[in-house]
Amino acid sequence: EFLRCAWEGHVAEPVAELVRALCTPASHTWQRAAATLATVGHSSGVDAMVGMVYGCRLLASGGR
């Protein structure tokens, strides 16, 4: 459900802020955005970041 909502552009602002920071060339704001996302929920923010990392690694490996 989380991925479906994200695909439709419905994500929490801290998630969107981190993605924007990571996609901005020469951005030095990703650390602040990651720290902000880490404060969401008990572990939800960190869980979201871990999912983003694994998803990117999966895409980079060609799905292997």
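Heads up: the structure comes first, above all this text.
Residues numbered from 1 in each chain as written. Predicted model: local features only at pLDDT ≥ 70, side-chain atom pairs only at ≥ 80, totals over all residues. Heavy atoms only, no water.

(A) Focus on the nonpolar core. Formed by Val15, Leu18, Ala21, Ala33, Ala34, Leu37 and Met49, the largest nonpolar core amounts to 7 residues. Elements supplying a minimum of two residues to this core: α2 (13–23) and α3 (30–38). Not counting the four nearest positions on each side in its chain, Ala21 is found in contact with Ser27, Thr29, Trp30 and Ala33. (Core = buried A, V, L, I, M, F, W, Y, C linked by side-chain atoms within 4.5 Å. Buried < 20%, exposed > 50% of the residue type's maximum accessible area, 1.4 Å probe, protein only. Helix = DSSP H or I, 4+ residues; strand = E, 2+ residues; numbered from the N terminus. Contact = heavy atoms within 4.5 Å.)

(B) Up close: the pattern of salt bridges. Taken as a whole, this structure holds 4 salt bridges when the rule is applied. For Glu8, the salt bridge goes to Arg4, with nearest N and O atoms at 3.2 Å. Residue Glu8 is classed as partly exposed on the basis of its relative accessible area of 46%. Exposure remark for Arg4: the relative accessible area of 42% places this residue in the partly exposed category. It is possible to trace a salt-bridge network through shared partners that takes in Glu1, Arg4 and Glu8. (Salt bridge = Lys/Arg side-chain N within 4 Å of Asp/Glu carboxyl O.)

(C) Up close: α3. For α3, the set of buried residues is Ala33, Ala34 and Leu37. Burial along α3 is one-sided: seen end-on, the buried residues are contained in an arc of 100°. Those residues of α3 hidden inside the fold are in contact with α2 and α4 (44–60). (Arc of directions from axis to C-beta.)

(D) Main features of α4. The first and last C-alpha atoms of α4 sit 24 Å apart over 17 residues, in line with the 24 Å expected at 1.5 Å per residue. Taken together, the buried positions of α4 are occupied by Gly45, Ala48 and Met49. Down the axis, α4 shows its buried residues gathered within 100° of arc, on one side only. For α4, exposure combined with an orientation more than 90 degrees from the buried face picks out Tyr54 and Arg57. (Expected span 1.5 Å × (residues − 1).)

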